[in-house]
Amino acid sequence: MDRASIYFMDETQRNTYDYDEDLPPLPLPDLRDTMERYYESIKPFGNDEELANARKAIAEFENGIGAQLHAKLKDRASKMKNWLDKWWDDYAYHLLRLPLNPYIVMAMPIKLEVLNIPETPECALKNFARITYHTIEFWDLLHKATIKPLSSNGGKIKYSSALYKRFFSTSRIPGEEIDHIEKHFKTVTEGPTPTHALISGKGRLFMFDCLHKDGSLITPQEILVVMQRVRSTIDYEPMGDCVPVLTHDDRTGWAKNRTRLLELSPHNKDTLKWVESSSIVVVFDENEPKDYAEISQYAINGDYHSKWGDRSSTLIGYKNGKFACVGEHSCYDGTVSVSYAMFIQLSLYEVPEPDWSEQEKISIFGITELLFDLDGTLKSEIERVKQDCEDRRTDVLVTHEVFHDYGKDYIKSCKLHPDSFVQVLMQLAYCEMHNEIAPVYETALMRHFYKGRTETLRSCTSEVFKFLQIARNKESSAAAIVDAFRKAVNHHNHMMNEARKGHGVDRHLFGLWCIAYENKMDIPDFFSEPMYTKSGGGGNFVLSTSTLGYSVNVGYVAPMVLDGYGIFYTITSECIFLQSTSFRNSMKTSGHKFNQHFMDAFRRMKNLLDECADSKL
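Residues numbered from 1 in each chain as written. Predicted model: local features only at pLDDT ≥ 70, side-chain atom pairs only at ≥ 80, totals over all residues. Heavy atoms only, no water.

### A word on the sheet that holds strand β16 (residues 565–571)
Judged by pairing direction, the sheet is mixed, and its six strands sit side by side in the order β12-β17-β16-β15-β13-β14 without closing on themselves. The open sheet has two edge strands with one neighbour each: β12 (396–403) and β14 (454–458). Averaged over all adjacent pairs, the angle separating strand axes in this sheet is 20°, with direction ignored. Set on the sheet, helix α11 (residues 292–301) makes contact with β12 and β17 (576–583); between it and β12 the angle comes to about 150°. (Pairing = 2+ DSSP bridges. Helix = DSSP H or I, 4+ residues; strand = E, 2+ residues; numbered from the N terminus. Axes fitted to C-alpha atoms, helices over the stretch in contact; angles between N-to-C directions. Contact = heavy atoms within 4.5 Å.)

### Structural notes on the sheet that holds strand β9 (residues 313–318)
By definition, the strands of a sheet pair up through backbone hydrogen bonds, in either a parallel or an antiparallel sense. Taking strand neighbours across the sheet as the criterion, the seven strands line up as β1-β10-β9-β8-β6-β7-β11 in an open arrangement whose pairing is mixed. Looking at which strands have only one partner, the edges of the open sheet turn out to be β1 (106–110) and β11 (368–370). Strand after strand, the sheet turns through a mean of 25° between neighbouring axes, direction not considered. Helix α7 (residues 124–144) rests against β8 (281–285), β9 and β10 (323–327) of the sheet, and its axis sits at about 165° to β9.

### Some remarks on the pairing of β17
Among the eight residues in β17, eight count as buried, and that is most of the element. With burial as the criterion, each face of β17 is covered, one bearing I576, L578, S580 and S582 and the other bearing F577, Q579, T581 and F583. In this structure, β12 lies alongside β17, joined through eight bridges in antiparallel fashion. Bridge assignment links E401 to a residue of β17, and that residue is L578. Here six bridges tie β16 to β17, and the two strands are oriented antiparallel to one another. When the sheet's bridge partners are listed, I571 is paired in β17 with I576. (Buried < 20%, exposed > 50% of the residue type's maximum accessible area, 1.4 Å probe, protein only.)

### What to know about the packing of helix α15 (residues 418–434) against helix α16 (residues 462–471)
Closest axis-to-axis distance for the α15/α16 pair is 10 Å, and the angle between their directions is 50°. When the axes of α15 and α16 are compared, the pair comes out oblique. Like other packed secondary-structure pairs, α15 and α16 cross with a definite hand, here right-handed. Where α15 abuts α16, its residues V424, Q427, L428 and C431 lie against V464, F467, L468 and A471. Partitioning the contact of α15 with α16 into residue classes produces seven nonpolar, one polar and no charged. (Parallel < 35°, antiparallel > 145°, perpendicular 65-115°, else oblique. Left-handed = near helix turned anticlockwise from the far one by under 90°. Nonpolar A, V, L, I, M, F, W, Y, C, P; charged D, E, K, R; others polar.)

Treat this as a map of the structure, not an account of what it does.
Listed below in structure tokens is the structure:
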């Protein structure tokens, strides 16, 4: 595996984004089919009376207002290749008023140790310069539209590249009632695009250009000179005004303060444009995390005063030589973050370390500090938001664990799908810890459709529920548990394939809700029916989960509900990497305890699988 074969297109291939036009439109299921799948998904969560009431609510909805809404949705789908695209931005994300950090953003540690690159203070600036340079290379591939679209099935199934266009030079702009995305990034054929980068630390913002006047990329050595100058400035000069902290307020509060900034002076308008449109964003964070768990934790609660929270992607360099990246979730999904992280790792592995002595020959490189005009009100607001950030600093707790006993190779030797294997055991771990089942959201990738993003797979299926009952019955034999486990895993894999075909539940129901909302109709009673919420509907999934593929790179987001978990994992040949999130204020959850139950479930199931395999010999 090398970066050229994964990322670089040759001269015979088309513009990256042209492939999107060949992708099929996002499908819209029949209403009856969706409602039948929905009923199947709620069965594990209700008793006979609850299910009977739910059946009645489904029938009333399907034959009444639901049919009217579906007709309108069907008309919309007939005119658009993706009937969900704009709604997903607006109503799944942009109506939310919570601060983005730590509740909404995605984050991921960038792992250098796997490349035998020291993560130490002595190497910090040079590694940061190298990572930034390869980040600019990644930007250049997207800008020139020469990056290979992500794909599967040996490249036969292409995935949409549209979200790549929101990775750089993009910001989520706050509104008092609803936010919106402003994308400044353009490809070569689309026109001029911002080429300046933003670098910040200790509450101060600086700007430099990523390209020479001839259009060539600046070198790692030049980037190192920039970083040394900025590092020296923030080390020996006073703390800045900390304007970035305002972006970590609740969205309505930040919208009002952003308006104040704009109204205070024309200079602020220009400065804000420089910040929000910059191509690359890199941050000096003064924290010194000791491991990947702390790297992950500080990614969402570190130096609030220096991170512009609205930016689509931010690269963080800690003072002791460790790194992380943060993404604004409405702009793109985790698969884009993983693609970027893998590109950085492969680049660091394949491209020799620069000759740092070359920096002695570099002439003065232009750096501009970006300053805002502030009045007493804004200065007071900066102090208020600083305290708010401090108060919620540990609201979201993050763990990072590695299960070393086995990985993908062992699971596949048992003729089971790795992701489905993990999903079923995750639910056993939850059930063992909390003595109940949980509604489970798992991300089902939909990027093989035009501008597709995700569907929800409701992973707590009836087959999984049967397995949990058998596995927790002390009278059950090893053979009975293994048989039920295999059926649950295989059924989960089948349901994932169905969800990826567009045969899910939640995106269709979300679309019907959006039709009612946009047409100023009363939201149907169906969406407040108890079993809808109890089974996870309306963003009430207790386990919010996703696999990020088959590499060492794993990231995370916060749980969906107070007493829930975010569970995210990647599966390599020999290990399983796990990141979990939970809320500090929950009296019920504990990420560390859950991880132990999870690993116990992995070990128990291997023992049972091996026992049953041995008995057949």
